[in-house]
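# Observations on chain architecture
One-letter residues, chain by chain:
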Amino acid sequence: MKERDEQKGAGAHALAARRARLRDALMAAVVIAGLGLVSLLSQWLDARRPAEDPFLSYEENYVRPEAARRMSLGFNGLVADWYWLRSLQYVGRKVDAYKEDFTLDDMSALNMKNLGALLDHATTLDPQFFAAYDFGAVVLPAVDRDAAVRLVEKGIRENPDEWRLYHHLGYINWRAGRYAEAAEAYRAGSRVAGAPPWLEAMAAQIELDGGGRAVAREVYKRMYDDAADEQVKLLAVRRLAQITSLDERDAIRRALSDFRARAGRCPSTWRELAAHLRAAGLKTDASGSPLDPAGFAYVLDSSDCDVQLDQRSEVPKK
C-alpha cells in the first residue's frame, strides 16, 4: 500500500515537472517569436521611413532649466556645461547640413529656432556662464534678435558689474539699427566700476553717426580685442577687412571717375590707372592691379567702369 502511494506521488511529481517544462518552452517560444516579429517590424518601418533631413529634423525638446536645476542635485555648473555642449552640437549639425556660404553673425538661413532656448537654459543654470552670453550676442541677433536681447539683459541682471555684457547689448542694438538704444547700452556700461573709457566714446560715436563705417570699424576692433572665442575673433577680422575693402573700392571708383573724365573712356586694364591707385594709398601687384585686404586683385568691370571683389576672395560680400 505504501509502495503504491509512493509510486503515485512520484508519477504526479513527474507530470508536474513535464507540465512546467512545457510551460517554460511555450513561454520561451513566445518570447523568441515576439523578438523575431519586433525585428521584422523594425526592418519594415526602416525600409519605409522617409530620408532624414538633419537640417530640419534636429529640433529636440529639453528639460526646462528650473526642472533641470532641481534634478541636478546642486551640480548646476555641470548641467549648464551639458546644455552648452548641446548648443554647440545643435549649431554644428545645422552647419554640416547647410551647403551654402554663411558668416557667424548671419546664420539666419540655418533655421536654428532652438538656439535661444538652449543658451537661456545654460545661463539659467549658471548665470556666470559668460561664454554662452558671448556666443549668443554674436550668433543670435540674426536668428532671433528678441531672444538675443533677453539673454544679454538677463546676464546684466545677474552680473551688473560685468561691463562686457553692456558691450554685447550695445552691439545687438547697433546691428539692428537701433542706435539710440545702442548708445544707451554703451553709456550704461561706461558707468560700471572698472569699465574702460572707450565705452563712453562709443556711445558718443553712435549718437553722432550710428550707421557709419568709422563706428563699425570701432565696434569690430573692440570685439576682436575682447573676444575669447577664436571664431568670434575671426569674424571681427573679416568684418574689419570688409570695411577696409569698402573704403578701397570707394577710392578706386573715384580714380576710375577721374580717369574717365580726362580720357573720355574707362581704362581697359588696371595698368593704365596704377599710378593713380598708388597715389591714393592702395596696394597694387606687379601688373598694377589693386589688391583687396585678402590679397586678391580687384576685378575691373570695363562695361560699367566699376570695381568688384574677386569671387574667390575671403572678404565678405555682404
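Residues numbered from 1 in each chain as written. Predicted model: local features only at pLDDT ≥ 70, side-chain atom pairs only at ≥ 80, totals over all residues. Heavy atoms only, no water.

Broken down by element type, the protein chain carries 13 helices and two strands. Looking at the protein chain as a whole, 40% of its 318 residues qualify as buried. Long-range pairs, those at least 24 residues apart, make up 55% of the contacts in the protein chain between residues at least 6 apart in sequence. Accessible area of the protein chain: about 18600 Å², with a carbon and sulfur share of 55%. (Helix = DSSP H or I, 4+ residues; strand = E, 2+ residues; numbered from the N terminus. Buried < 20%, exposed > 50% of the residue type's maximum accessible area, 1.4 Å probe, protein only. Contact = heavy atoms within 4.5 Å. Areas by Shrake-Rupley, 256 points an atom, 1.4 Å probe, with all protein chains shown as cover.)

What follows covers the packing of helix α10 (residues 198–209) against helix α11 (residues 213–226). For any two helices packed against each other, the geometry comes down to the angle between their axes and how far apart the axes lie. Two elements in contact, α10 and α11, have axes separated by 9 Å at closest approach and are oriented at 155 degrees. In terms of orientation, α10 and α11 fall into the roughly antiparallel class. Helix-helix and strand crossings are classified by hand; for α10 and α11 the assignment is left-handed. Across from Trp198, Met202, Gln205, Ile206 and Asp209 in α10, the residues of α11 making contact are Ala214, Val215, Glu218, Val219, Arg222 and Asp226. Among the residues making up the contact of α10 with α11, the classes are represented as six nonpolar, one polar and four charged. (Axes fitted to C-alpha atoms, helices over the stretch in contact; angles between N-to-C directions. Parallel < 35°, antiparallel > 145°, perpendicular 65-115°, else oblique. Left-handed = near helix turned anticlockwise from the far one by under 90°. Nonpolar A, V, L, I, M, F, W, Y, C, P; charged D, E, K, R; others polar.)

Here we come to the nonpolar core. Met112, Leu115, Leu119, Trp174, Tyr186, Ile206 and Met223 are the most contacted members of the largest nonpolar core, which totals 57 residues. If near-sequence neighbours (up to four positions away) are discounted, methionine 223 is found in contact with Val138, His167, Tyr171, Val232, Leu235 and Ala236. Of all hydrophobic cores here, the second largest spans 17 residues; its members include Leu256, Cys266, Trp270 and Leu282. (Core = buried A, V, L, I, M, F, W, Y, C linked by side-chain atoms within 4.5 Å.)

Moving on to the packing of aromatic side chains. With the rule as written, the count across this model stands at nine aromatic pairs. Judged by centre distance (5.7 Å) and plane angle (85 degrees), the ring pair of tryptophan 84 and phenylalanine 135 falls under edge-to-face. Here tryptophan 84, found in helix α4 (residues 76–97), pairs with phenylalanine 135, found in helix α6 (residues 130–143); they are 51 residues apart in sequence, far enough to count as distant. Just as tryptophan 84 is buried, phenylalanine 135 falls in that class too. Consider the rings of tyrosine 171 and tyrosine 220, whose centres lie 6.3 Å apart with planes at 75 degrees: the pair is edge-to-face. Highlighted residues: tyrosine 171 in helix α8 (residues 163–175) and tyrosine 220 in helix α11, separated in sequence by 49 residues. Taken together, the aromatic side chains of Trp84, Phe129 and Phe135 make up a single cluster linked through ring pairs. Sitting over the face of the ring of tyrosine 224, lysine 233 holds its NZ or CZ atom 4.3 Å from the ring centroid. (Phe/Tyr/Trp six-rings, centres within 6.5 Å; stacked < 30°, edge-to-face > 60°. Lys NZ or Arg CZ within 6 Å of the ring centre and 35° of its normal.)

All right, on to the environment of alanine 280 then. Tracing the backbone through its elements, the reader meets alanine 280 in the loop between α13 (274–279) and β1 (299–301). Through-space distance from the C-alpha of alanine 280 to that of isoleucine 252 is 8.4 Å; in sequence the pair is 28 residues apart.

For the rest of this paragraph, the subject is the confidence of the model for the protein chain. When the pLDDT values of the protein chain are averaged, the result is 85; 79% of them are 70 or greater. Below a pLDDT of 50 lies the segment residues 52–61, which in the model reaches 22 contacts outside its immediate sequence neighbourhood of four places, other chains included. (pLDDT = per-residue confidence, 0-100.)

In this section: α10. With twelve residues, α10 should reach 16 Å at 1.5 Å per residue; the first-to-last C-alpha distance of 16 Å fits that figure. Considered for burial, the residues of α10 that qualify are Trp198, Leu199, Met202, Ala203 and Ile206. Buried residues of α10, viewed axially, fall in a sector of 150 degrees; they line one side. Turned more than 90 degrees from where α10 packs its buried face, Glu207 and Leu208 sit exposed. On its buried face, α10 sits against α8, α9 (179–190) and α11. (Expected span 1.5 Å × (residues − 1). Arc of directions from axis to C-beta.)

This part takes up the pattern of salt bridges. All told, the structure shown has 15 salt bridges when counted by the stated rule. Taking the shortest distance from any N to any O, the salt bridge between glutamate 200 and arginine 187 comes out at 3.2 Å. Of this pair, glutamate 200 sits in helix α10 while arginine 187 is found in helix α9, placing the two residues 13 residues apart along the sequence. Residue glutamate 200 is classed as partly exposed on the basis of its relative accessible area of 34%. Judged by its relative accessible area of 22%, arginine 187 is partly exposed. One salt bridge in this structure joins glutamate 207 and arginine 187, with 2.8 Å as the shortest N-O distance. In this pair, glutamate 207 is assigned in helix α10 and arginine 187 in helix α9, connecting sequence segments 20 residues apart. Salt bridges linked by common partners bring Arg213, Arg217, Asp247, Asp250, Arg253 and Asp306 together as one network. (Salt bridge = Lys/Arg side-chain N within 4 Å of Asp/Glu carboxyl O.)

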